[in-house]
Every structure is written in C-alpha cells, then in structure tokens.
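Per-entry structural report
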Amino acid sequence: MLRNDKPRPGEFFQRDRSLHPPQYTPGYKTSVARSPRYALLSLENTISEMTGPVFGHNDIDPIDNDLIKNYAKTGDPIGERIIVHGRVLDESGRGVPNTLVEIWQANAGGRYRHKKDTYLAPIDPNFGGCGRTLTDENGFYFFRTVKPGAYPWRNYVNSWRPAHIHVSVFGTSFVQRLITQMYFEGDPLIKVCPIVNTIPDPQAIDQLIAPLDMNAAIPLDCLAYKFDIVLRGRRSTLFENRLEGN
Amino acid sequence: MPQPLDYLRETASQTAGPYVHIGLAPGAAGFQIFRRELGWDIAGPNAPGERIRVEGIVIDGTGSPVKDVLLEVWQADANGVHAHPEDQRRDQAAEGFRGWGRVITDFDTGLWAFDTVKPGPVPGRNGSRQAPHISLWIVARGINIGLHTRLYFDDEAEANAADPVLNMIEHVNRRPTLIAQRSMRDGSPVYRFDIRLQGDNETVFFDL
C-alpha cells in the first residue's frame, strides 16, 4: 500500500481567510460574476498540497530581475529609478529560500505593454514591465525597476489604480501559492481603490504598502522601497507521531 | 496582558488582474523578454505514462467564457511521484518530469489546453490512497484570491469511488464537477474539463 506516514515537516497553518479579500466584493465589479457562491471545501493537507514546483538558476537569467535593463533597446526606460527589495518569510518568521518571485507592472506613465491595454499613455520602448528572481538562502530578493504610474480603469466612471507592482510567489508548496500587489507609501489613491478595498482588514492593507527605504537607496542613482512577503507557515510536529493506520 | 503570539500574518492576496500575462506569460501579452518562459512543459519528453491533453473553458456566472484566466497545474507523474524533495519516492521520479505548468486561454474563445502525462494514484492521509488527479489553481481579473480545485478522470471510476477527497464532498451531485470526460481525437486521448466559477453546476473549490 502507498503510505506517507513517516515523520515529515509539518502541515500548513490553516489560512486566515479574514485577512484576505472574499471572492464576492461588489465594489470591485468584475468579481461579481467570477466569484463562487458555495463555501470552499476545507481539505486537510495531503502530499498533493504539501508539494509544489521547484525552480533553479537554470530557469532564469541574472538580468531577469533588472527591469531597467531587461528590455532596454535604445536606452533606459523613463521614470523614477527604484530598487524593490525584501524578504519572503513564512508565518513563523523563517526565510523562504530559493523560491521564485515574479513581478509585473505598468510603465512610469501607467501603461502596460499588453495587447489588451489601450490607455492613452504611451508605451515606453525600453520597458517590458516584468521580472523574476529566486530568493537567496535566507529568503531575500531584490529587483530594480522604475516606479509605475497610476492609471484609470473601468469600474466606476472615475476609478484609478494606485501605483502598484504585481507580485507572484511560490513558496515550497502549492498551498502557499500567492499573487498580490505591492503599493507605495504615501500614495493617496490607495485608500480610494476598489481593489485595495476588497481587503476587509486595515492591517492587511498596510502590509501591502512598501515603505520608502532610504538606507537601501543608492545616492545620486535610485530610491528604494522595502516589501516583505509572508507565506503560510507550517506546524511543528509535537506529539504527532501517530501509530500506523491511525 | 498575556505574552504576545509573535506569528507573522500572511500577506493578503490581490487579483492577478487583466495583465497577468505580462508577468507570467509575456509572449501572450505580445512581447519576448525572457530566454525561456516557465511552465510550458509539464512532463518533459521522456517521462513514462500515457500522454494526454486536457482542455476546457472557465465559465463565469453569466455563462460566458472567462478569456483572461490563467491556470497553474500541479501533479504527480505516472507512478504517483511528485518532483519535490518532500516526496519520499522522489528518487523514483520520472526523468525530466516537473509536474508543474502554466496555461492561458485563447483570448477569443476562452479555450485552454495543456499536454501532460496522466498521473498515477498518490498516497492520501492515514494510509489511504487518492485517485489520480491534477491540482489546478485559477487566477484572473475579478478573482480576488486564487481558486484551488482538482481534476479527476472519468475512466478511473473505481479509484474515484474510493477517493477520500471526492467522498468528502457532502453534496454527491457536485462531485461530477471535478471529473474530466475522456474522448479520443486523432488517436490521442483528450480530457474535457470545464470549470464553472458560479451558477448551475458550480465547480467545487477547496480551502487548502
């Protein structure tokens, strides 16, 4: 018989859904027809959930984390040069090493390089708008980019997105998979954004706002923002050496 | 005041938005930037097992296809082994088999498809055995936090009947929402798996 009973790293903490946006958030209109109506079925972890894809340095290139250079054709992109750096942690505060972090964003004018984006702000010929990196052995990561612009979108007549960078993180398991958005300290559009406001917990919103980090700025070159990302933690396996078959 | 419990709190999810392709599938957004995009090859060329295609559409509450969705796939190989350090049988994993993939839809029709190897059964909790299945994670504009579901195979009726997860679904009439339908096309097996976000026959989604 197939078994996976031997001692192993612990199962994941139950996800605290009270800090995440619910699926149905009428203020963000697109969610209305795309949100399940039935309750999610809660499932205890099996090997299918406790594993997930593993990435290595063969998958990506060193320049992939430099959005100022990774699509430069005739020069650098226009905009405020920034470093975005931080750490991927779990809820127990342990760094998550060697995990893939991917980002995407609009250019400094608020325009995406995407065939479906028709906003009137121009495409920047030197800016692709995406990057990726692996965290180091302690969970640290960094990107260089330009600060994205705010842009209007069709929700209410006059809805605008605050400047933001989309962030995708894997962790070590498929249950830790997370996509979120990073916002910038001091942006007045944050508090009027229907997408930010899908999050019911004010502290959880604050946790998405990256502070200006002057200590990581490079004088006469670029500013810096610090953004830590917390993934779900794992239980310790105290008193859990079950007898076979239990 | 008791001592503080000093756990960190998970970072809140936000929608992947309409331009998710820029970051995760830039070719679909309309440009080339990386040497190699990730997630297009789930099984590799040499993994043993039956080569299958899985396809479907994601349907919203109005009955319309969701054309800007992105799905991620996670599965075991044909012997039920995951390419992951915590799988005890990892050293038996098929050569070149990753088990992870990323799939986007056709922007006009909403149809998505991926090619892989049909997974084998995998261990369940407490010595049980899970029927062959593929884990799916779905993000899109309007989806505030990624949706987890599972795809099972209709030609595994016996294993499905004993599967501990399918059997946990109290409403028996919802179980078929997780079962893909097999057919043959040009001599190759194709499984159809439509995902309904809302409305009649809403797919079962999991809180993992």
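What counts and what doesn't
Residues numbered from 1 in each chain as written. Chains lettered and ligands numbered in written order. Predicted model: local features only at pLDDT ≥ 70, side-chain atom pairs only at ≥ 80, totals over all residues. Heavy atoms only, no water. Buried < 20%, exposed > 50% of the residue type's maximum accessible area, 1.4 Å probe, protein only. Helix = DSSP H or I, 4+ residues; strand = E, 2+ residues; numbered from the N terminus. Pairing = 2+ DSSP bridges. UniProt positions renumbered as here; feature names shortened; annotations may be inferred. Contact = heavy atoms within 4.5 Å. Buried area = accessible area lost by both parts, 1.4 Å probe. Salt bridge = Lys/Arg side-chain N within 4 Å of Asp/Glu carboxyl O. Polar contact = N/O pair within 3.5 Å; in protein donor to acceptor, adjacent residues only side chain to side chain. Nonpolar A, V, L, I, M, F, W, Y, C, P; charged D, E, K, R; others polar.

**A word on the pairing of strand β9 (residues 178-184) of chain A**
All names here are of chain A. In terms of burial, β9 is a largely internal element, 7 of the 7 residues being buried. Examined bridge by bridge, strand β8 (residues 164-169) and β9 share 6 bridges and lie antiparallel to one another. The residue bridging Val167 from the neighbouring strand is Thr180, located in β9.

**So, the UniProt feature "domain: Intradiol ring-cleavage dioxygenases" (unreviewed entry) in chain A**
The UniProt entry lists residues 84-112 of chain A under the feature "domain: Intradiol ring-cleavage dioxygenases" (unreviewed entry), expressed in the numbering used here. From the first C-alpha to the last, residues 84-112 of chain A spans 19 Å; its make-up is 0% helix and 45% strand.

**Some words on the UniProt feature "domain: Intradiol ring-cleavage dioxygenases" (unreviewed entry) in chain B**
Here, UniProt's "domain: Intradiol ring-cleavage dioxygenases" (unreviewed entry) annotation points to residues 46-199 of chain B. Along residues 46-199 of chain B, the helical share is 3% and the strand share 38%, with 41 Å between the first and last C-alpha atoms.

**Focus on the interface of chain A and chain B**
With 100 residues of chain A in contact, the opposing surface of chain B contributes 85 residues. Note on chain A versus chain B: buried area summed over both sides is about 8600 Å², and carbon and sulfur give 55% of it. For the pair chain A and chain B, the number of links is 14 salt bridges. One salt bridge connects Arg125 of chain B with Glu11 of chain A, and the closest N-O pair in it is separated by 3.0 Å. If you look at where chain A meets chain B, you find 56 residue pairs in polar contact (both at pLDDT 80 or more). Classifying every residue of the side of chain A that touches chain B gives 42 nonpolar, 30 polar and 28 charged. Looking at chain direction, strand β1 (residues 41-42) of chain A and strand β12 (residues 206-207) of chain B are connected through 2 bridges and run parallel.

**Focus: the environment of Ala224 of chain A**
Residues and elements named next belong to chain A. Note on placement: Ala224 falls in strand β11 (residues 223-226). Placed 39 residues apart in sequence, Ala224 and Glu185 show a C-alpha to C-alpha distance of 11 Å. When residues no more than four places from it in sequence are discounted, the contact partners of Ala224 are Ile83, Pro211, Leu212, Asp213, Ala216 and Ala217.

**A look at the environment of Asp221 of chain A**
All names here are of chain A. You can see Asp221 is positioned in the loop between β10 (209-210) and β11. With relative accessibility at 34%, the residue Asp221 sits in the partly exposed group. Linking Asp221 and Ile82, residues 139 residues apart in sequence, is a C-alpha distance of 8.7 Å.

**Some details on unusual backbone geometry**
All names here are of chain B. Positioned with a positive phi, Asn126 is a non-glycine residue whose angle comes to about 55°. Positionally, Asn126 belongs in the loop between β5 (122-123) and β6 (129-130). Residue Asn126 is classed as partly exposed on the basis of its relative accessible area of 38%. Despite not being glycine, Asp186 has its phi angle at roughly 50°, a positive value. Relative to the elements of secondary structure, Asp186 occurs in the loop between β9 (179-185) and β10 (188-192).

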